[in-house]
Amino acid sequence: MLAGDAGLCISSPNMDFVPEVPVHRPDADFTFFADGMLHTFELYKCPQGYDHEEPHGVAAPANPQILADRSLAAHPLLDEQSVLPAWKDTAIPWVAMGPRDFATSLDLPDQAIGFLARPLVERLRSAARDVIAVVDAVCVRKYGAVEGQDPDVARQCQGRSTFIWHRIKCLWRAISRLQELLMSSFDVLLWFREAQRILLEARAWATYESVVTRRLTDPMGDHSARVLPLRGAITSNVTVVEELWRIGVPVWYLQPVHTLISNSTIIKVNEVVSASRFMSQNPTMQHEKHNAPAPAWGHSSTVNPLTENLTAQIRRYSLTSKPRLRTIPVWEEQTVKEEPAQYASGVPSNNGQASASGRGAMGKKKAKGRSGKRGAQDPQRQPPPTSPPPPLWLSSIADCWKEAVTSVGTLHPHESKALLYPCISSTRKVPLWACGYTTGFGSWRIALEGAYHAIAITPTGPQPLSSPKDIARLPPAPQPTKHLRTSDAPPSQNDRNRKRPRDRLDISVRFGVHAGIPPYTGDETPMWRAREVTRADADTDRRLAAEVVWELSVLLFQLELLDLDPELAPASGTARLTAADREFLLPALWSDEQTFYPAWMPAESQPCLYSPSWRTRKFVVEDVYLPFERRVLVFYMQSFHRVRGRMPTLPLVCPAP
């Protein structure tokens, strides 16, 4: 078969069709397409060049559409002897994502924002556990006993095992992101394809290590008569062609036309089967009424096939190789900031729980006393304000954290910027990404009230930053609110109070107009742990409040730890690890599946850092003991305070059932 004008001929000793050869052109950038894939550069869905550094790609499952098309394969590829791993769900890596597979967020019904539908997520999770069981069995059988082996062989075995478990973590990261993070429908599609891509790679690795390597190490074995239904490889190396043909793996030989000799036997000449037959080449992604250009994967200048294999380069620029947390611009609230109050580290009460508010018992009231007058107290000598005790229904922190808080001593807050994490739950009324500009306690309170209505603003007072056009889109308020000043009476001299109506209107525009969140009416019944919650439940059910606060404390603790790590990494001498690499290590402290939302289970069974049982927590660090653990926790709190200007969020103990 002549391959276009390139002067190349591609042939195969064991296949009936000729695939499109993926050729990287220096003048063309890599890009995704409408189906979220890379066309011919889908490494585990299209035949690729043989990779000597990562040869397991040849063992990826063959495209089922090719196997089912008799016009392409006159002789069906079958695993007649059942030597390949039996996957429970063979179709999930090839499933296309349709409109019904995207679950739009109930909080943003007018936006193409949401999650991957739960049935597909569960199929991915089940497939991930399936491949993990096979990979684990392979690692135990082949790499479990390395004692007494040659050091080079042992190092190679360790490297192979480390490689696949890192890819498994990438798979869990992609799946957890599809379930836990609100994304546009286009991003959901890209991450869904990423999960499929890694799942195919893990299956390829397991098949290669359990079947292909065994055949390769048996020089007398001849399996050429039974070609396995695998992806195979394209190569110009005659030795590789002979070996893959001998062990029954699909192979195509690429050679210049001038190397054909007169006695070459050509049985049949076929046209190239273009990848466009199975994959989209449309550069525009579309979902319902929304469309956008497919994102570029990378510039051609970033790829150099001469210095590194293409597989590793594509993986380096993949979605899972990027940090999970990213810097999000936070709009600073345009109000006069209060002087920070002094507080003891975490302000522990009798049960060791830290106060949720940065204010002291003084609240907004100013301390009495006049400067320069007799008997006036020096502000520098005033004792730090004490926080009110937490409510009885609130869980406390574990004893190890209480002891660490006591060891830290008194710390003072300093200037710091608000943090915003792009991680939310579908059970929350307000998505965190829409709150990017609310940095003060009062602004958060206004945002969470859900009263996104048009209000009257005093002409003489501070004016909103929102445009009149956006303000006009707000629905009218059902009744005047008692919080606002709508008359022309002289405003208060307190600058914060004068700016509060302006801030309330800007917040309403941000949430009600830009985010499309309707005003809260009290009639909604959100779901919490598979049960509906009414407004009356939320007002009276203290168990519900304890569960919500516990989950938020654990979630914020994990996100803050993940966010602080890059700041400390250069100083710890581990800067050689990328941010993405370190993000694989930290989530493993609380979840093998790279998830962030805590699992509901008895407190004694809670994983790692927030379990009240030290026998559970000890698995975080090898041979951990309590004094060392206390030093670790103290170091974390002091480091977070030094970098972020406040105490970190401490994880609470899971409420008792």
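Cut-offs and rules
Residues numbered from 1 in each chain as written. Predicted model: local features only at pLDDT ≥ 70, side-chain atom pairs only at ≥ 80, totals over all residues. Heavy atoms only, no water. Helix = DSSP H or I, 4+ residues; strand = E, 2+ residues; numbered from the N terminus. Expected span 1.5 Å × (residues − 1). Buried < 20%, exposed > 50% of the residue type's maximum accessible area, 1.4 Å probe, protein only. Contact = heavy atoms within 4.5 Å. Core = buried A, V, L, I, M, F, W, Y, C linked by side-chain atoms within 4.5 Å. Pairing = 2+ DSSP bridges. Axes fitted to C-alpha atoms, helices over the stretch in contact; angles between N-to-C directions. Phe/Tyr/Trp six-rings, centres within 6.5 Å; stacked < 30°, edge-to-face > 60°.

**Q** Account for helix α2 (residues 118-143), naming residues and giving values.
**A** Its 26 residues give α2 an end-to-end C-alpha distance of 36 Å, which sits within 8% of 38 Å, the value for a rise of 1.5 Å per residue. Listing the buried residues of α2 in full gives L120, V121, L124, R125, A127, A128, D130, V131, V135, V138, C139 and Y143. Where α2 is buried, its residues contact β7 (113-116), α3 (151-180) and α4 (185-216).

**Q** Tell me about unusual backbone geometry, and please be specific about residues and values.
**A** Despite not being glycine, H39 shows a phi value in the positive range, around 60 degrees. Turning to its location among the elements, H39 is positioned in the loop between β4 (30-31) and β5 (48-49). Since its relative accessible area comes to 6%, H39 is described here as buried. Of note, S82 is a non-glycine position whose phi angle comes to about 55 degrees, a positive value. Inspection of the secondary structure puts S82 in the loop between α1 (64-68) and β6 (102-104). With relative accessibility at 59%, the residue S82 sits in the exposed group.

**Q** I'd like to hear about the nonpolar core, residue by residue, with values.
**A** Counting residues in each nonpolar core, the largest one holds 53 residues, and the members touching the most others are L116, L124, V131, L171, I175 and L178. For this core, the secondary structure elements donating two or more residues are α2, α3 and α4. With 14 residues, the top contributor of residues to this core is α4. Excluding residues that lie within four positions of it along the chain, L116 makes contacts with M97, D101, V121, L124, L178, V188 and F192.

**Q** Can you lay out the sheet that holds β6 for me, pointing to particular residues and giving the numbers?
**A** Pairing within the open sheet is antiparallel, and its three strands lie in the order β6-β7-β8. Sheet topology places β6 and β8 (183-184) at the edges, where each strand pairs with a single neighbour. Summarising the sheet, β6 and β7 pair through three bridges and their orientation is antiparallel. Paired with A103 across the two strands is F115, which belongs to β7. Against the sheet, α3 touches β7 and β8, its axis set at about 135 degrees to β7.

**Q** Which residues make up the packing of aromatic side chains, and what values go with them?
**A** Overall, the coordinates contain six aromatic pairs when judged by the stated rule. Ring centres of W401 and F557 lie 5.5 Å apart, and the angle between their planes is 80 degrees; this geometry places the pair in the edge-to-face category. Of this pair, W401 sits in helix α7 (residues 399-408) while F557 sits in helix α12 (residues 542-568), placing them 156 residues apart in sequence. For W401, a relative accessible area of 1% translates into the label buried. Assessed through its relative accessible area of 1%, F557 is described here as buried. Aromatic rings pair up to connect W401, F557, Y636 and F640 into one cluster.

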